[in-house]
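Close look at the chain arrangement
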Amino acid sequence: MEFTALFLSVVAVLAVSWWGSRRLALALFTIALIGSAATYFHHATDVLKLSF
Amino acid sequence: MTRSLGVTLNALGLYAIALVLAGAFAAQLLLDELPCPLCLLQRCLFALLATGPFLNVRYGPRPGHYALALLTACAGAAVAARQILLHIAPGDPGYGSAVLGYHFYTWAFIGFAAAIVLTAIVLLFEGQFQGDGVARPVGFFMRGAVWLIIVLTALNVISAFVECGSSACPDNPTTYELLRPSS
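Everything numeric in this text was worked out from a predicted model, so none of it was measured.

Reading guide: rules and limits
Residues numbered from 1 in each chain as written. Chains lettered and ligands numbered in written order. Predicted model: local features only at pLDDT ≥ 70, side-chain atom pairs only at ≥ 80, totals over all residues. Helix = DSSP H or I, 4+ residues; strand = E, 2+ residues; numbered from the N terminus. Contact = placed C-beta atoms within 7 Å. Buried ≥ 20, exposed ≤ 12 C-beta atoms within 10 Å, placed from the backbone. Expected span 1.5 Å × (residues − 1). pLDDT = per-residue confidence, 0-100. Nonpolar A, V, L, I, M, F, W, Y, C, P; charged D, E, K, R; others polar. Axes fitted to C-alpha atoms, helices over the stretch in contact; angles between N-to-C directions. Parallel < 35°, antiparallel > 145°, perpendicular 65-115°, else oblique.

Before going further, it helps to spend a moment on the overall build of chain B. Within chain B one finds six helices and two strands. The principal-axis extents of the C-alpha atoms in chain B amount to approximately 60 × 40 × 25 Å. In chain B, of all internal contacts separated by at least 6 residues, the share reaching a separation of at least 24 is 78%.

Here it is, written out as structure tokens:
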């Protein structure tokens, strides 16, 4: 579900970048990037099996 | 570099991003391999990478627009690097199929790294920033790139919804949640 929302937010960013105002596009971009980071930290829970 | 050349290079970048998104989709459908959460996140960041070029094509090149692309490419490279490290241990077969010897997340890392380097190189040419920053009409070539990216991202909305349904995406998806026969 989180990825559906994330992709939807990217579609909104792209649509506003092209048809809407630049300021709103920058605001939506910030929200989408923060959402991506949050999703990353939600899923990055596996321990890295590194040997060093 | 003139504004016109800068805009054309950005449109070419959009076609490159569209190629990546289409390739990932083709692999998903033809190889019947479901993208994992980190794979979906990398796709999402490839789509978000198009924001900078979108704004450059519409309003003319600005350093701030390139900064958006750099931020997104750095985030994408970080996600791809983590997935590479998850499968770096000896004996680990990796996630999904390999194409030309590399898994998709390795190609994604190369793609994001290339985006960082190419964006930095294009930023060196300050002649493109002399424009007035006003939106101008764009041709079919550039509109085609924009529509391609928007349609491919919208298709990913549908694909992610069919794959994950209304719950959190599983770490190792084996079937589309919405196509799973009800028991």
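Take the overall build of chain A next. When helices and strands are counted, chain A shows two helices and zero strands. Of all 52 residues assigned to chain A, the portion counted as buried reaches 37%.

Let us look at helix H2 (residues 37–48) of chain B. Residues lying three or four places apart along an α-helix face the same way, a consequence of the helix completing one turn every 3.6 residues. All names here are of chain B. For H2, with twelve residues, the first-to-last C-alpha span of 16 Å sits near the 16 Å given by 1.5 Å per residue. Counting buried positions along H2 gives twelve out of twelve residues, so the element sits mostly inside the fold. Among all positions of H2, only Pro-37, Leu-38, Cys-39, Leu-40, Leu-41, Gln-42, Arg-43, Cys-44, Leu-45, Phe-46, Ala-47 and Leu-48 are buried.

Residue and element names in this part refer to chain B. Confidence in the prediction of chain B, expressed as mean pLDDT, is 89, and 98% of residues score 70 or more. The least confident element of chain B is strand S1 (residues 98–99), whose mean pLDDT is 79; the most confident is helix H5 (residues 104–123), at 96. This complex was scored by the predictor with a pTM of 0.91 and an ipTM of 0.89.

One widely used convention gives an interface's size as the accessible area the parts lose upon coming together. Each partner contributes to the interface: chain B provides 37 residues, whereas chain A provides 29 residues. Sorting the residues of the side of chain B that touches chain A by element identifies H2, helix H3 (51–59), helix H4 (63–86) and helix H6 (140–164) of chain B as the ones contributing at least two each. Here the side of chain B that touches chain A takes ten residues from H6(B), the largest share from any one element. Split into classes, the residues belonging to the side of chain B that touches chain A amount to 29 nonpolar, six polar and two charged.

Attention shifts here to unusual backbone geometry. All names here are of chain B. A positive phi angle, close to 55°, is found at Asp-32, a residue other than glycine. Positive phi outside glycine occurs at Leu-100, with the angle close to 55°. The topology assignment puts Leu-100 in the loop between S1 and strand S2 (102–103).

With that settled, consider the environment of Leu70(B). All names here are of chain B. In this fold, Leu-70 is placed in helix H4. Each C-alpha atom of the pair Leu-70 and Ile-116 lies 5.7 Å from the other, and the pair is 46 residues apart in sequence. Discounting chain neighbours no more than four positions away, the residues touching Leu-70 are Ile-116 and Thr-119.

This paragraph deals with the environment of Glu2(A). Position of Glu2(A) among the secondary structure elements: in helix H1 (residues 2–19). Residue classification places Glu2(A) among the partly exposed residues on the basis of 19 C-beta atoms within 10 Å. Glu2(A) sits 16 residues away from Trp18(A) along the chain, and the two C-alpha atoms are 25 Å apart. Setting aside its immediate chain neighbours within four residues, Glu2(A) contacts Thr39(A), Ala168(B) and Cys169(B).

Looking now at the packing of H1(A) against H3(B). Look at H1(A) against H3(B): their axes get within 9 Å of each other, and the N-to-C directions meet at 10°. With respect to H3(B), the axis of H1(A) lies roughly parallel. Where H1(A) approaches H3(B), its residues Val13(A), Leu14(A), Ser17(A) and Trp18(A) are matched on the opposing element by Thr51(B), Phe54(B), Leu55(B) and Arg58(B). Taken together, the residues that form the contact of H1(A) with H3(B) break down as five nonpolar, two polar and one charged.

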